[in-house]
Amino acid sequence: MKKHDQIKLNKKKDPDVKTFPVPSDLEDIKKEGIISLNTISNDSKEQIINHALKLHSQGKILEASKYYQYIINQGFQDHRVFSNYGVILKNLGKLKEAELSLRKAIELMPNFEEAYYNLGNVLNDLGKAQEAFDSHLKVIEINPIFPNIYTSLVRLIKDLNLSLLNKSKLEDILNILLERDNVPHNELLKAFYFLYRKEIIINLEGLESDFSKIELVINKKIIINALKKMILKDLRLEKSLTKIREKLCNMISTNKNINCSQLEFLIALAEQCFLNEYIYSLSKEENISINIILKKCRDGELNETNISILSCYFPLYKLLNQIPLLKSFNSSNKSIIELIKSQISEPLKEIQLSKSIKKLGNINEITSQIVKSQYEDNPYPKWKFGNESQALKTNPIIAINAEIKPNSLSSNFNSNQLRVLIAGCGTGLQILDAQRYKDSKITGIDLSLPSLAYAQRKINELKSNNVELIQMDILEVDLLEEKFDIIECGGVLHHMDHPSKGLQALLGVLKKNGFLKLGLYSELARQKIVEARNYISRKKL
């Protein structure tokens, strides 16, 4: 076979399948004695396929690709080869060829969920939104516990033109996703607004004049789940929820009864207020009502309704000095149990964990001290659910290539254990994302001790045993006394007086052939924030 020959895939059976060039490097493969172009036994066929799959799993994409091409051109029918080669073609930007290869994998193995998963990603990149959505739904139909499928669906929905999707299917899957506790729910916000925003606003605004209409809101479980799991960022929704909270507070302070469904809504609203850092504005009348309810609780009137309304205004653990009995309050209501867990048990656990977090160096720079203070008052972002699955771990070069496509790297890391630094890890979401790197040890550093304690609690919950958290300033990162293969630093350097000094400090602990991933705030994107700050300043608000 000449090095520039082209052979059609399964020429007799599949005339419409794309041809692929046989690479010149096959001459080198022949010399190694791994492949015989003339006679190939069944054993050597399996040996070649297994070797190709092994190369791919090791991140040796170029070598794996050459083997896949050879296997395909020899007419071997293996669903794994077509699926893996489809992924490589996708990452090279050859989307149509990738689609054909993945469809061939599915033809060979009709219930091959991995191929449907990869096909969905390719179809999404090709702009075939409905087909991509359907392909991901097929994965769930075949294997409801397929790793990462729900998270992938969330991100697919986030990026799609939702008007192209079947609305009924979208409603069904959104309900499923909001019921799950292992997906990034905030990324579903666009889809939630697309389906329900208008309806919810109409219903909520109707409550302001007739509170009996609350049943229209309460009876939709998806709305309750959205309040508990997503931070709603809509001005009209915020105004309505602020007014409803005030109405409920005033009702409770005057001993008006709250029924079971209204209580369920109130608990969901409390979860929302906790997630959004209690951003809703407060009226003078509300303050009076809150103080009445606080006094009732101090006087022994501690019940589910009073606890729920108070948690719409304060995280409950901050009321323990005033109402010590909160800590031992018992309930059979699952939603109340969850509320107490998120607002008392977990914050107290974080306070305890903060005492054992390692500290290095000093935080002397004035700007660093200001930033530290801000994030100690408000650890950000508060996140409840994530999915750190061993099955999602991948070779770091594959992970990096997935982020920089259509560019790609062919180099590999020399060390057996990858050293990863998350500089400015906050509450740990970046650490969760960095778990995609196979065989890694992750170090997370941050200025804010409460943020690190939040991250440590989540790491413990997810049973991650490859993470060390340290409170320190990026400017003193050399005190770690080690070099890193990968450093990720997102949303941090622009906070510093001299970002270039922070960058130099990070470069000082980066290995010679390591990778640095930076994320910086954009002045263009922050124009509205600057305008708002100027307005506040002018009006002396």
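Whatever comes next refers back to the structure up there.
So, here is what we can say about the structure in this document. Every value quoted in this text rests on a predicted model; they were computed, and no experiment measured them.

### With respect to the sheet that holds strand β4 (residues 418-423)
The strand order β3-β6-β5-β4-β7-β8 describes an open sheet built from six strands, whose pairing is parallel. Two strands in the sheet have a free side with no partner beyond their single neighbour: β3 (358-359) and β8 (510-519). Two elements, β3 and strand β6 (residues 467-471), share two bridges in a ladder whose sense is parallel. The residue of β6 that forms the bridge with Lys359 is Gln471. Of the strands in this sheet, β3, β5 (440-446) and β6 touch helix α21 (residues 449-461), which is tilted by about 170° from β6.

### Some thoughts on the environment of Pro379
With respect to the element layout, Pro379 can be found in the loop between α18 (366-377) and α19 (396-404). Residue classification places Pro379 among the buried residues on the basis of a relative accessible area of 12%. Each C-alpha atom, one on Pro379 and one on Ser44, is 57 Å from the other, the two residues being 335 residues apart in sequence. Filtering out sequence-adjacent residues up to four positions away, Pro379 remains in contact with Glu277, Thr427, Pro450 and Ser451.

### Description of the packing of helix α17 (residues 334-354) against α21
α21 packs onto α17 with a crossing angle of 110° between their chain directions and a minimal axis gap of 8 Å. When the axis of α17 is compared with that of α21, the two are roughly perpendicular. Residues Glu346, Lys349, Glu350, Leu353 and Ser354 of α17 form the contact with α21, whose own contacting residues are Leu449, Ala453, Tyr454, Gln456, Arg457, Asn460 and Glu461. The class makeup of the residues in the contact of α17 with α21 is four nonpolar, three polar and five charged.

### Looking at the packing of helix α4 (residues 79-91) against helix α5 (residues 95-108)
Relative orientation of the contacting elements α4 and α5 amounts to 165°, with a least axis distance of 8 Å. Between α4 and α5, the crossing angle belongs to the class labelled roughly antiparallel. As for how α4 packs across α5, the hand of that crossing is left-handed. On α5, the residues touching His79, Phe82, Ser83, Tyr85, Gly86, Leu89 and Lys90 of α4 are Leu95, Glu97, Ala98, Ser101, Leu102, Lys104, Ala105 and Leu108.

### Section: unusual backbone geometry
Excluding glycine, most residues fall at negative phi; most peptide bonds, likewise, are trans. Notably, Asn255 is not glycine yet its phi reads approximately 65°, a positive angle. On the secondary structure map, Asn255 appears in the loop between α13 (235-253) and α14 (260-275). Even without a glycine there, the phi angle at Glu277 is positive, about 65°. Position of Glu277 among the secondary structure elements: in the loop between α14 and α15 (284-298). Overall, Glu277 belongs to the partly exposed group, its relative accessible area being 25%.

### A closer look at α4
Since there are 3.6 residues in each turn of an α-helix, residues three or four apart along the chain are aligned in direction. Taking 1.5 Å per residue, 13 residues should reach 18 Å; α4 reaches 19 Å between its end C-alpha atoms and fits that length. Along α4, ten of the 13 residues are buried, which leaves the element largely enclosed by surrounding structure. For α4, the set of buried residues is His79, Val81, Phe82, Ser83, Asn84, Tyr85, Gly86, Ile88, Leu89 and Lys90. With its phi angle positive at about 85°, Gly93 sits one or two positions after the end of α4.

### Section: the nonpolar core
Membership of the largest hydrophobic core comes to 113 residues, with the highest contact counts inside it found for Phe192 and Phe265. It is helix α10 (residues 189-207) that contributes the most residues to this core, ten residues altogether.

### Structural notes on the packing of aromatic side chains
Any two aromatic rings considered together are summarised by their centre-to-centre distance and by the angle between their planes. Counted by the stated rule, this structure contains four aromatic pairs. Ring geometry for Tyr117 against Phe146: centres 5.3 Å apart, planes inclined by 50°, an arrangement best described as tilted. In this pair, Tyr117 sits in helix α6 (residues 113-125) while Phe146 sits in the loop between α7 (129-142) and α8 (149-159), placing the two residues 29 residues apart along the sequence. Between Phe192 and Tyr193, the aromatic rings sit 6.4 Å apart at their centres with planes inclined by 50°, giving tilted as the arrangement. Overall, Phe192 belongs to the buried group, its relative accessible area being 2%. Given the relative accessible area of 16%, Tyr193 is considered buried. An aromatic cluster of three or more residues is present, and its members are Phe192, Tyr193 and Tyr196. Lying over the aromatic face of Phe274, Lys382 brings its terminal NZ or CZ to 4.1 Å of the ring centre. The cationic tip of Lys458 hangs over the ring face of Trp383; the distance from NZ or CZ to the ring centre is 4.9 Å.

### Thoughts on the pairing of β4
Most of β4 sits inside the fold, with six of its six residues counted as buried. Alternating residues of β4 divide into Leu418, Val420 and Ile422 and Arg419, Leu421 and Ala423, and every residue in both groups is buried. By the bridge criterion, six bridges tie β4 to β5 in an arrangement that is parallel. Opposite Leu418, over in β5, you have Ser440 as the bridge partner. As for the winding sense of the linkage, the β-α-β connection from β4 through helix α20 (residues 429-434) to β5 is right-handed. Here three bridges tie β4 to strand β7 (residues 484-490), and the two strands are oriented parallel to one another. Bridge pairing in β7 places Ile422 opposite Glu488.

### As for a nonpolar patch on the surface
The grouping of Tyr535, Ile536 and Leu541 at the surface amounts to a nonpolar patch, some 330 Å² of accessible area in total. A residue is classified by how much of its surface remains accessible, and Leu541, at 71% relative accessible area, is exposed.

### Examining the pattern of salt bridges
The full count for this structure, using the stated rule, is 30 salt bridges. For Arg155, the salt bridge identified is with Glu187, shortest N-O distance 3.3 Å. In this pair, Arg155 is assigned in helix α8 and Glu187 in the loop between α9 (167-179) and α10, connecting sequence segments 32 residues apart. Taking relative accessible area as the criterion, Arg155 reaches 39% and is therefore assigned partly exposed.

Rules behind the numbers
- Residues numbered from 1 in each chain as written.
- Predicted model: local features only at pLDDT ≥ 70, side-chain atom pairs only at ≥ 80, totals over all residues.
- Heavy atoms only, no water.
- Pairing = 2+ DSSP bridges.
- Helix = DSSP H or I, 4+ residues; strand = E, 2+ residues; numbered from the N terminus.
- Contact = heavy atoms within 4.5 Å.
- Axes fitted to C-alpha atoms, helices over the stretch in contact; angles between N-to-C directions.
- Buried < 20%, exposed > 50% of the residue type's maximum accessible area, 1.4 Å probe, protein only.
- Parallel < 35°, antiparallel > 145°, perpendicular 65-115°, else oblique.
- Nonpolar A, V, L, I, M, F, W, Y, C, P; charged D, E, K, R; others polar.
- Left-handed = near helix turned anticlockwise from the far one by under 90°.
- Expected span 1.5 Å × (residues − 1).
- Core = buried A, V, L, I, M, F, W, Y, C linked by side-chain atoms within 4.5 Å.
- Phe/Tyr/Trp six-rings, centres within 6.5 Å; stacked < 30°, edge-to-face > 60°.
- Lys NZ or Arg CZ within 6 Å of the ring centre and 35° of its normal.
- Right-handed = clockwise from strand over helix to strand, strands pointing away.
- Patch = residues over 30% accessible without salt bridge, like charges linked within 9 Å, V, L, I, M, F, W, Y side chains within 5 Å.
- Areas by Shrake-Rupley, 256 points an atom, 1.4 Å probe, with all protein chains shown as cover.
- Salt bridge = Lys/Arg side-chain N within 4 Å of Asp/Glu carboxyl O.

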